[in-house]
Amino acid sequence: MFDSWYSSAKLIKFCLRQKWQVVCALKSNRKIEKQRVDLYNQTLKHKPYQKITLEAVDEHQPARTYYVRTVTGHIENVQQEVYVIISKKRPGDHFPKYFLCTDTSLSAQEALRIYQKRWPAEVDNLYLKEVLGLGDFRLQSFEAIEKWFAVVVLAINYLQYCAMLTYKPKLPLLSLADCKRQHQRSHFQALLRTLIHEIKKQPQQVENILQSFLPVERVAT
């Protein structure tokens, strides 16, 4: 699953060589059977819509209904037959969205339900980059970047593991941010307990004990 920025023929063919199927968004200027997909929106205007209902991303919102038409054929530089979904929020919508599916055995509703699962992946990608620091690798050596990626991926896997440990049926899964806060809280509590224990043992050495727990400051040269 990927959005229209990544739906190149090269990537689609790579996925197909791995025996994977693709469900992705398409830009309006992509061609199927040598015709732009947005032109099909006009040429198929007399064809009836298929009305489909998808689960709302926000559980507090009602399920959304879409009006779709499909076109089967070949997109540029891809030999395998695919189909394109023209999706509208309402029949008179002048700005439809376009999606491609390489598995022609899937219905349009099944394909779009699969594509809906892309959003949690986007949330994880944003969290990786902005919160866990995956985007901070620039101007480093290749070896440093490789190690940095490994550490960040380990961090998000740990948070996802923590979320699964708290899973309860019929309840929403904890967000990565919630898991991070819980981990930090637990770590801070453990630090305070250790600190209090050390001070109780050596009440006259409070300052030295505090210093031993503080990070070492680097002196600029």
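One can find the structure itself at the top, above this paragraph.
Procedures and definitions
Residues numbered from 1 in each chain as written. Predicted model: local features only at pLDDT ≥ 70, side-chain atom pairs only at ≥ 80, totals over all residues. Heavy atoms only, no water. Helix = DSSP H or I, 4+ residues; strand = E, 2+ residues; numbered from the N terminus. Rg over C-alpha atoms; globule rule 2.2 N^0.38 Å. Buried < 20%, exposed > 50% of the residue type's maximum accessible area, 1.4 Å probe, protein only. Contact = heavy atoms within 4.5 Å. Lys, Arg positive; Asp, Glu negative; His and termini not counted. Charge placed at Lys NZ, Arg CZ, Asp CG, Glu CD. Salt bridge = Lys/Arg side-chain N within 4 Å of Asp/Glu carboxyl O. Polar contact = N/O pair within 3.5 Å; in protein donor to acceptor, adjacent residues only side chain to side chain. Pairing = 2+ DSSP bridges. Phe/Tyr/Trp six-rings, centres within 6.5 Å; stacked < 30°, edge-to-face > 60°.

Considerations on the overall build of the chain
Along the backbone of the chain there are 7 helices and 7 strands. In sequence order, the chain lays out its α and β elements as α-β-β-β-α-β-β-β-β-α-α-α-α-α. Taking 17 Å as the expected radius of gyration for a compact globule of 221 residues, we find that the chain reaches 26 Å, considerably beyond that expectation. Overall size of the chain, expressed as C-alpha extent along the three principal axes, is 85 × 45 × 30 Å. Residues counted as buried form 29% of the 221 residues belonging to the chain. Partitioning the contacts of the chain with sequence separation of at least 6, the portion at a separation of at least 24 is 42%. For the chain, the centre of its 33 positive side-chain charges and the centre of its 21 negative side-chain charges are spaced 5 Å apart.

Description of the pattern of salt bridges
When the charged atoms of two side chains with opposite charge come close together, those side chains can pair. All chains considered together, the criterion is met by 5 salt bridges. With its nearest N and O atoms 2.4 Å apart, the salt bridge here joins Arg 181 to Asp 178. Placement of the pair is Arg 181 and Asp 178 together in helix α6 (residues 176-201), with a separation of 3 residues, close to one helical turn. By relative accessible area, which is 25% here, Asp 178 ends up partly exposed.

What about the side chain of Arg 30?
When you line up the elements, Arg 30 lands in the loop between β1 (23-26) and β2 (31-32). Among buried charged residues, Arg 30 stands out as having no salt bridge; its nearest opposite-charge side chain is Glu 76, 5.2 Å away. Reaching out from Arg 30, the side chain makes a polar contact with the backbone oxygen of Ser 7 at a distance of 2.4 Å.

A closer look at the pairing of strand β7 (residues 97-101)
The buried fraction of β7 amounts to 4 of the 5 residues, a majority that puts the element mostly inside the structure. As defined by bridge partners, β1 adjoins β7 across 4 bridges and the pair is classed as antiparallel. Paired with Val 23 across the bridge in β7 is Cys 101. Here strand β6 (residues 82-88) pairs with β7 via 5 bridges, running antiparallel. The partner of Tyr 83 across the bridge, within β7, is Cys 101.

Some points on the packing of aromatic side chains
Aromatic ring pairs: the centre-centre distance and the angle between the two ring planes describe each pair. Taken as a whole and assessed by the stated rule, the structure comprises 3 aromatic pairs. Judged by centre distance (6.0 Å) and plane angle (80°), the rings of Phe 14 and Trp 20 are edge-to-face. By relative accessible area, Phe 14 is classed as partly exposed at 37%. Under the relative-accessibility criterion, Trp 20 is labelled partly exposed at 48%. A ring pair is formed by Phe 99 and Tyr 115, whose centres lie 5.0 Å apart and whose planes are at 65°; its orientation type is edge-to-face.

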